[in-house]
Amino acid sequence: MTPYVQQFLDSHPYLENVIIPVGCTLTATVVAWVVMPRVLKRFHKYATRGPAALLTGALFGVEVSYEKSFWGALEDPLRYLITFITFSQICKMIAPTTIASHYTAQAWRGAVVLSFIWFLHRWKTNVFSRAFAVQNVAVIDREKLLMLDRLSSLGLFVLGLMALAEACGVAVQSILTVGGIGGVATAFAARDILGNVLSGLSMQFSKPFSLGDTIKAGSVEGQVVDMGLTTTSLLNAEKFPVIVPNSLFSSQVIVNKSRAQWRAMVAKIPLQIDNFEKIPQMSDDIRSMLRSNSKVFLGNEAPYCFLSRIESSYAEVTLGCNLRKMSKDEWYSTEQDILLQAVQIIKQHGGSLGSTLQDLTGQ
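First things first, this report covers the structure right here in the doc. Along each chain, residues carry numbers from 1 onward, in the same order as the chain's sequence is written. Note on the predicted model: pLDDT of at least 70 is required for a residue's local features to be given, and 80 or more for side-chain atom pairs to be given and counted; whole-chain, interface and lining totals, by contrast, use all residues. With hydrogens and water set aside, each side-chain value is computed from the structure's full complement of heavy atoms.

1. Considerations on the overall build of the protein chain
For step 1, the next point in the chain: Runs of H or I in DSSP of at least four residues are treated as helices and runs of E of at least two as strands, each being numbered from the N terminus. On a plain count of helices and strands, the protein chain comes out with 10 helices and 9 strands.
For step 2, the next point in the chain: Counting all 363 residues of the protein chain, 31% fall into the buried class.
For step 3, the next point in the chain: Computed by Shrake-Rupley with a 1.4 Å probe, the accessible areas treat only the displayed protein chains as cover when residues are assessed. Looking at the protein chain as shown, the accessible area adds up to about 22,600 Å², and 63% of this sits on carbon and sulfur atoms. Only protein chains enter the accessibility calculation, which uses a 1.4 Å probe. A residue is then buried if its area is under 20% of the maximum for its type, exposed if over 50%, and partly exposed in between.

Take a look at the structure:
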């Protein structure tokens, strides 16, 4: 049939050069705007029930609408891409000798790149919006997802810009090679700033502390009031602002006091007692007092009290326990209450507070 079809088209050049191309482009446009959305919706409906449920977001355990799905993200980029290609083809047929017609291939490649990046951005946005909508996501996980969302958007922008330049005929590799030499020199000159930036990004993902936490890193201690990309602001014990470079946290051990469920308390009490046989019962009473205190945390280690030192002139009792997470003022009040109750128990057993060996030497 091919020779007969070609002979028919040769005898009707207007049909071959105008009617068929224009008819095909218009048909493709109608299909892109009318038929394709319905087909994609059917794909979405099948994907929610079949093994391709990962594309629809079923991994979050909720039903996803078509607009928030993989197929919904694909609809607009693919529709506008087909429309651009069809109408640029019509323009090329109308004016085949213009300058613009010589760049049709590059325009098509650029349109494909832009449509693909647009699709990835829409799909990525849908995935993160579904993740943020989940109720049981912790605050720290939300901050990680937000930072990952921003970094992925920046990565897509850079990738799309490079791919678009390459599609338009720009030698991106040569530009990167030349720019890399200057980039190395710039990075060497600004290595401290880059170190702070990289440490800041690392802390955004690892989250060793959050706003409002009280931390200690090396000689720096205070409450976190601001977390920037290069520096972190703290308030020390005197309520003075302290600006710390983020690179410090990558080389120091960070103690986050706000995330501790309990805090250890250890005290040594010197005493004088005539009958040392009362010390075991006295230690048992102090342990019972500690166990009955509601502020004492019993989940990790039991409270203890024992005779830790004995001299000719005095003895020493060591008591210890873990206190629950509380404010600083409440901590001091609880510690004071425990020590006063311990002294009362010592006096009930006929003992009194004594002096340590250092006190006697000083006297």
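2. Comments concerning the nonpolar core
For step 1, the next point in the chain: Core analysis: the biggest nonpolar cluster contains 23 residues, and Met265, Met282, Ile286, Leu319, Leu323 and Ile338 have the highest contact counts within it.
For step 2, the next point in the chain: Residue assignment for this core shows that the elements contributing at least two residues are β6 (262-272), α8 (279-292), β8 (315-324) and α9 (328-348).
For step 3, the next point in the chain: Note on contacts: a residue pair qualifies if any of its non-hydrogen atoms lie within 4.5 Å across the two residues. Beyond its immediate chain neighbours, meaning those up to four positions away, Met265 contacts Leu319, Gly320, Cys321, Leu323, Trp331, Glu335, Ile338 and Leu339.
For step 4, the next point in the chain: To define a nonpolar core, start from buried Ala, Val, Leu, Ile, Met, Phe, Trp, Tyr and Cys residues and group those joined through side-chain atoms within 4.5 Å. Listed in part, the 10 residues of the second largest apolar core include Phe209, Ile215, Val224 and Met227.

3. Here's the deal with a nonpolar patch on the surface
For step 1, the next point in the chain: Only residues whose relative accessible area exceeds 30% and that form no salt bridge are eligible for patches; like-charged ones are grouped when within 9 Å, while nonpolar side chains (Val, Leu, Ile, Met, Phe, Trp, Tyr) are grouped when within 5 Å. Any carboxyl oxygen of Asp or Glu within 4 Å of a side-chain nitrogen of Lys or Arg constitutes a salt bridge here. Among the surface-exposed residues, Val30, Val31, Trp33, Val34, Val35, Val39, Phe43, Tyr80 and Trp118 lie close enough to one another that they form a single nonpolar patch of about 770 Å² accessible area.
For step 2, the next point in the chain: The dominant element in the nonpolar patch, judged by the number of residues it contributes, is helix α2 (residues 13-47), at 7 residues.

4. Focus: the sheet that holds β6
For step 1, the next point in the chain: Strand pairing requires that DSSP identify at least two bridges connecting the strands. Read from one edge to the other, the open sheet built from 4 strands follows the order β7-β8-β6-β9, with strand pairing classed as antiparallel. With one partner strand each, in any of the chains shown, β7 (304-310) and β9 (352-353) form the two edges of the open sheet.
For step 2, the next point in the chain: Inspection of the sheet shows β6 paired to β8 by 10 bridges, in the antiparallel sense. Bridging from a neighbouring strand, Met265 pairs with Cys321 of β8.
For step 3, the next point in the chain: Each axis is a line fitted through C-alpha atoms, taken for helices only over the stretch in contact, and angles between the N-to-C directions span 0 to 180 degrees. Sheet contacts for α8: β6, β7 and β8; angle to β7, the most-contacted strand, approximately 145°.
For step 4, the next point in the chain: Docked against the sheet, α9 engages β6, β8 and β9, running at close to 30° with respect to β6.

5. Focus on the packing of aromatic side chains
For step 1, the next point in the chain: Ring pairs are drawn from Phe, Tyr and Trp, using the six-membered ring of Trp, whenever the two centres fall within 6.5 Å, and their geometry is named by plane angle: stacked under 30 degrees, edge-to-face over 60, tilted for the rest. One pass over the full model with this rule turns up 10 aromatic pairs.
For step 2, the next point in the chain: Plain terms: the ring middles of Phe70 and Trp71 are 4.9 Å apart, the flat faces sit at 90° to each other, and that makes the pair edge-to-face.
For step 3, the next point in the chain: On the basis of relative accessible area, Phe70 is assigned to the buried category, the value being 12%.
For step 4, the next point in the chain: Residue classification places Trp71 among the buried residues on the basis of a relative accessible area of 15%.
For step 5, the next point in the chain: Seen in terms of ring centroids, Tyr80 and Trp118 are 5.9 Å apart; in terms of plane orientation they differ by 40°. Their pairing is tilted. With Tyr80 in helix α3 (residues 70-94) and Trp118 in helix α4 (residues 104-133), this pair connects stretches of sequence that are 38 residues apart.
For step 6, the next point in the chain: In this structure an aromatic cluster arises from ring pairing among Phe43, Phe70, Trp71, Phe116, Phe119 and Trp123.
For step 7, the next point in the chain: Should the NZ of a Lys or the CZ of an Arg lie within 6 Å of a ring centre and within 35 degrees of the ring normal, that charge is described as sitting over the ring. Lying across the ring of Trp33, Arg79 places its NZ or CZ 4.4 Å from the centre.
For step 8, the next point in the chain: When the ring centre of Trp331 is taken as origin, the NZ or CZ atom of Arg263, which lies over that ring, is 4.5 Å away.

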